[in-house]
Structures are given as C-alpha cells and as structure tokens.
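One letter stands for each residue in the lines below.
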Amino acid sequence: MKFGVWKALARGVVLESVRRKDLWVVAILGFLIMAGAGMLGFFGLKGLETFAKDLAASVLGMFSTVMAVLVGSRVMPEEIKNRTLYPLLARPITRFDLLFGKFIGATWVTWIAFLLLAGLTSLALAMFQVPFEAVMGQYLIAKMLGLSVIVAVSMTLSVFMTASAAATMSFVLAFGSSMIIRALVMAYESSSPAFQVVFKFLNAILPQYGLFDLGSRAANGWGPVQAWVLGALAAYALVYSSAMLSIGWLKFRKQAI
Amino acid sequence: MTHAIECRDLVVRYRQKNGQFVEAVKGLTFSVEPGEVVGFLGPNGAGKSSTLKALMGFVEPLAGECSVFGLAAGSVEAKQRVGYLPEVALYYPFLTPFETLSLYGELQGLRGPTLKKEVSSLLDLIGLGHVMHKQNRTFSKGMLQRVGIAQSLLGSPDLLILDEVTSGLDPVGRKELRNLLKERQTAGATLFFSSHELAEVEMLCNRMLLIHKGQLIEERRIDALMEELRQYTLTYSGNASMVGLTDHLEAIRPGVVRAAFENKERLLEAVARVQAGSGTILDLVAREGSLEDYFVDTIARAA
C-alpha cells in the first residue's frame, strides 16, 4: 500500500485549494447563513426549531454538494490543462495512485468545507437555542460519506468528458437522482417484466444520494439511527466510490496525455 | 551491456478531434548508452515530444517498444531511475518551489530530513534558494523552468530526459544549466534532451539524433560532425596545383589564389604543395561550420 504517496497527493490538493481561497467562499457563505439566522432571530422566529434545523440542513446539503461536484469534476482536468500531470506521472507512481490520491484530496477539501460550514451553521442554530443532538452528528457523518460518493462520481465523469460537462452531469445526478429513482420505483409496479429488469438495473447503478440525507430526521427530532445504518451507508459509499474510481481508472490508465 | 534507452520500431499515433489518426512517430529505432549526452533534434512537429512521452509512458505506442535500462518504459521501476522535464508545465501556481519539490520528492520516495535537505540544496543549486517560499504564480517563465529543472534532478536520477531544456532561460541561466548538466554527466548520469538550441547541443552532446516527420534521418557524433563541417581556406601565391585536393579555387588578385578544403589532411597536403613549388602562404583560416546550416540542409534534403 502506498499511503505516503496518496497522502502527499491529497495534501497537495488541499494546500492548493486553501491557497486558491476556495474555502474562503465557504466561510463567506457560512457567515451569510449566520447573518441570515441573526435576521430571523431579530424578526422573532425564535422557537421555530424544526424550521431552522430544516433550513440549515437544506443549505448545508446544497452548498456542500455544489462544492463536492466542483472540486471533484475539476481536479483531474485541471492537472491535464495546466500540464502539472507530467511531472507527477514522471514519478515512480502508477496512474491509479494518482487518481486515488487526488480523490482523497478532493474528498478532504469537500469535508473540510462541509465541516466549516456545519460549524458555522451550528453556531447560527445555537442563536435559536437549538441544542446539538446525536442525530445531528449522525447527519454530519452520513453527509460526509455521501459527499465522498459525489466526489468519486464527479471525478470519474471528468475522466470521460470535459470538466464543465462532468460538472453539469454531476449536478443532474446529485440533485436529480432522488427524483429519478422515486419515479422508477413508482413506475416499477405497473411496468412489464422487461422494463422492470431495466428499472432494477437503473436503480442499482444510479447513485443513491438520498440515503445519505438524514436532514429531515435531524430537523424533526426523530432520534438517532441505529449504528448498523451508518455502517451500511459507509459500506455503500465504499463500494460505490470504488466502483466509480475503477471505471475512471480503466479509462485513465491507457489515456494519452 | 544494457542500453540507457532503447526504442525499437516505435510508432506513436494520435486521434485528432476530427476523428482522423495522425502518426507522430513512424518506426523510430535508436539507442542511448549509459553516460552519453544525446541531443534529440528535429523541426517542430517532427515527433520529438511524442517520443519522449512514449519513453515516459505518457502515451501508449501503437507498435514497437521502448525500454529504459532494460525496464519497460513508463513502468514504476523505470521511472525510479529517470528525471523528466516536460516541455511546458505550470508547477502548481499556488504552491511554493519548496512545497512543489517536496511533493514530487515524496512521490519519489524521499522522506523527512533527507527530503528537506535535498529540496533546499537543489533549489540553491538552481538559483531559486532565495525565493523558495514564494508562490510559483509570481515567477517568470525562466524561473518556472528552473523549478522544472530542479524537480527533474530530484533523487539523482541515472537518466535525465529533458524536453526543450533551455526554453525560457536567459544566457546566464543557460550557462549555469550547461555547467549543471555537465556535472551530472561527470557523476555518471545519462542525458537525453530535445532542443532547438543547436549551440547547446554542440556544447553539451556527444551525439545527436535528427528526426523529421517521425523518422530518424541522421545520427551523428558531434565531434566528427563538427570536424566535417569545419572549413579550411588557404590563400597563397605561386603556381602550386590543387588538382585532387579541391575544386574551390578563387583568384583574388593576379598571382594570388584562395582555396577551400573539406578537411585538415587536404589542407596540409596543399600547404606542402605550395611550399614545394616555392610559393608563399599568405593566409590560413580554419572556420567552424554551422550546425544550423547543416540542420536546415539536412531537413531540406529529407523533405
């Protein structure tokens, strides 16, 4: 195992991202959320805990998804465009090492951004005297797992298409997959056996981002999920991300650069 | 003996945006021996960078094979022994040269104090010691080229593959680079580089390979080539015959002739004939030949 190589590559991605001030955008967004929360508090919305938590989960989910898609879809194309790929691949590493190291780096950047935003959002919620509950912690863990899947999907798409096309496709999947899957489930019962096979296949290959969203549970105070649920989500994230990265690697390993 | 580089019947083909294929390298065969300094020359689009990319495993050859010290080109084992300078690269604009080289060094397998020491000494050597903690985006093209050269030297590789090595460097930088490369060669490294700077090739190389349209058209030792290109002129008075030595005779004034010779042996024979015929040698000039003219003429002949 080449932990040192992957860590070095990942650290490079994080350092570039910090210096490029990507995370500043997140911080600014966080402060806007806090300012918005302050305004709501000023206009007397105290006590609307469910609303505040739901809003916080939605805002967090949306911004972190945007961040995951943008970071994931540009990390590889930028290496090719700027030709920083050559000195990297001239080192005694494989293309898989490069892809995986970059994936870890992009995931770290997304997680840092998400946790930064989540920290500021928690502060904003604290202004409404909303306590930090165990389910909120589970929401963070599940969301982080989901973000790693989004990064893997975006990175894989970017190996096959341009960065902007990969980002567009990733956004469609990230914000539309739950809707598409719901439609597939609804149509399943009334479809012919042949179509049912197709629907099952589509359901299996589409990323199930909805599974990672414990926002409603956290907002409505339904209590924490059992530990095995998080274990299952982690396993799904691991398998799906691995499958995606493997597909990306199959294309990238022989690609002329 | 194992070659430092060996390419046999190498064919590199790219698919263009319009779907058509173009062969950048067409059956190229050559080898470089350990310790040699070989210049890889050719006009734009000749296939130099494609060959270097095939040597680094950046492109998969359509046919043929390349090896580095007997190891498959592009393999992790081969890359362990190679330092590579790409033709153009940006080197992470938001990182500093120290961070950039540290990253590459870690990928090379260097760690801890050894890595820090090597990075610092390389940056000092390449003249970037005083700006090693400034971000790359603030650097000029020449300074970025120095960062590139430094990264190629990380880990003291046995083979340096350098694409357009002097690109962006000023005359002082070129001289420093030349000295640095000579030191590396003295230390036993093999150098294989592409360049448009024929003067650099002449000063650095033992041998040169000239390619055109993806094919090798000339392979020469530099010292022999320069000797061949050197022109000798003899100005003399008297009636000495130059038959069999040269046809290039010019009467510059009555009784005085200027003769040009292709090599030193003919010139010495001519001097002997002038002296034997009681003539007087008025002037004798040895003029270095132009590698540029040779390059242009050879490409024109091959076109």
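Structure shown above.
Here we summarise the structure given alongside this text. Since the model is a prediction, treat every value here as computed from it, not as a measurement.

### Quick word on the interface of chain A and chain B
Now for step 1: The partner chain B presents 32 residues to the 28 residues of chain A that form the contact.
Now for step 2: Each partner contributes to the roughly 2800 Å² buried at the junction of chain A and chain B, and carbon and sulfur atoms together form 59% of this total.
Now for step 3: Among the residues chain A hides against chain B, the three largest losses belong to A:Arg19, A:Arg91 and A:Pro92. Together they make up 25% of the total.
Now for step 4: Taken together, chain A and chain B are joined by three salt bridges.
Now for step 5: Between the two partners, chain A and chain B, sit 16 residue pairs in polar contact (both at pLDDT 80 or more).
Now for step 6: Contributing elements (two or more residues each) for the side of chain A that touches chain B: helix H1 (3–19), helix H4 (85–89) and helix H5 (95–126) of chain A.
Now for step 7: Element by element, the count of residues in the side of chain A that touches chain B is highest for H1(A), at eight residues.
Now for step 8: By residue class, the composition of the side of chain A that touches chain B is 13 nonpolar, five polar and 10 charged.

### Some details on the pairing of strand S12 (residues 249–253) of chain B
Residues and elements named next belong to chain B.
Now for step 1: Relative to strand S13 (residues 256–261), S12 runs antiparallel, the two being bridged by four bridges. In the sheet register, arginine 253 faces S13, and the bridge partner there is valine 256.
Now for step 2: Hairpin connection, S12 to S13: the antiparallel pair is bridged by two residues, and glycine 255 has positive phi, about 85°.

### Focus on the pattern of salt bridges
Now for step 1: Summed over all chains, the structure comprises 21 salt bridges over all chains.
Now for step 2: When the shortest N-O distance is used, the salt bridge between A:Glu79 and A:Lys102 registers 2.4 Å. Note that A:Glu79 is positioned in helix H3 (residues 49–81) and A:Lys102 in helix H5, a separation of 23 residues in sequence. The same class applies to A:Glu79 as to A:Lys102, namely buried.
Now for step 3: In this structure, B:Arg178 engages B:Glu200 in a salt bridge whose closest nitrogen and oxygen atoms are separated by 3.1 Å. One end of the pair, B:Arg178, is in helix H6 (residues 171–186); the other, B:Glu200, is in helix H7 (residues 198–204), and 22 residues separate them in sequence. Like B:Arg178, the residue B:Glu200 is buried in the burial classification.

Conventions used here
- Per chain, residue numbering runs from 1 following the sequence as it is written.
- Each chain takes a letter, starting from A, and each ligand takes a number, starting from 1, following the order in which they are written.
- The predicted origin of the model limits local features to residues at a pLDDT of at least 70 and limits the giving and counting of side-chain atom pairs to 80 or more, whereas totals for whole chains, interfaces and linings rest on all residues.
- Excluding hydrogens and water, the side-chain values take into account all heavy atoms of the structure.
- Throughout, a residue-residue contact means that at least one pair of heavy atoms, one from each residue, lies within 4.5 Å.
- By definition, the buried area sums, over both parts, the 1.4 Å-probe accessible area that each loses when the two are put together.
- Salt bridges are identified by distance alone: a Lys or Arg side-chain nitrogen within 4 Å of an Asp or Glu carboxyl oxygen.
- Between N or O atoms, a polar contact is any pair within 3.5 Å; within protein, one atom must be a potential hydrogen donor and the other a potential acceptor, and residues adjacent in sequence are included only when both atoms are from side chains.
- Helix and strand definitions here come from DSSP, where helices need a minimum of 4 consecutive H or I residues and strands a minimum of 2 consecutive E residues; each element is numbered from the N-terminal end.
- Note on residue classes: Ala, Val, Leu, Ile, Met, Phe, Trp, Tyr, Cys and Pro are nonpolar, Asp, Glu, Lys and Arg are charged, and everything else, Gly too, is polar.
- At least two bridges found by DSSP between two strands are what make those strands a pair.
- The rule is simple: take the accessible area with a 1.4 Å probe, protein chains only, and divide by the maximum for that residue type; under 20% is buried, over 50% is exposed, in between is partly exposed.

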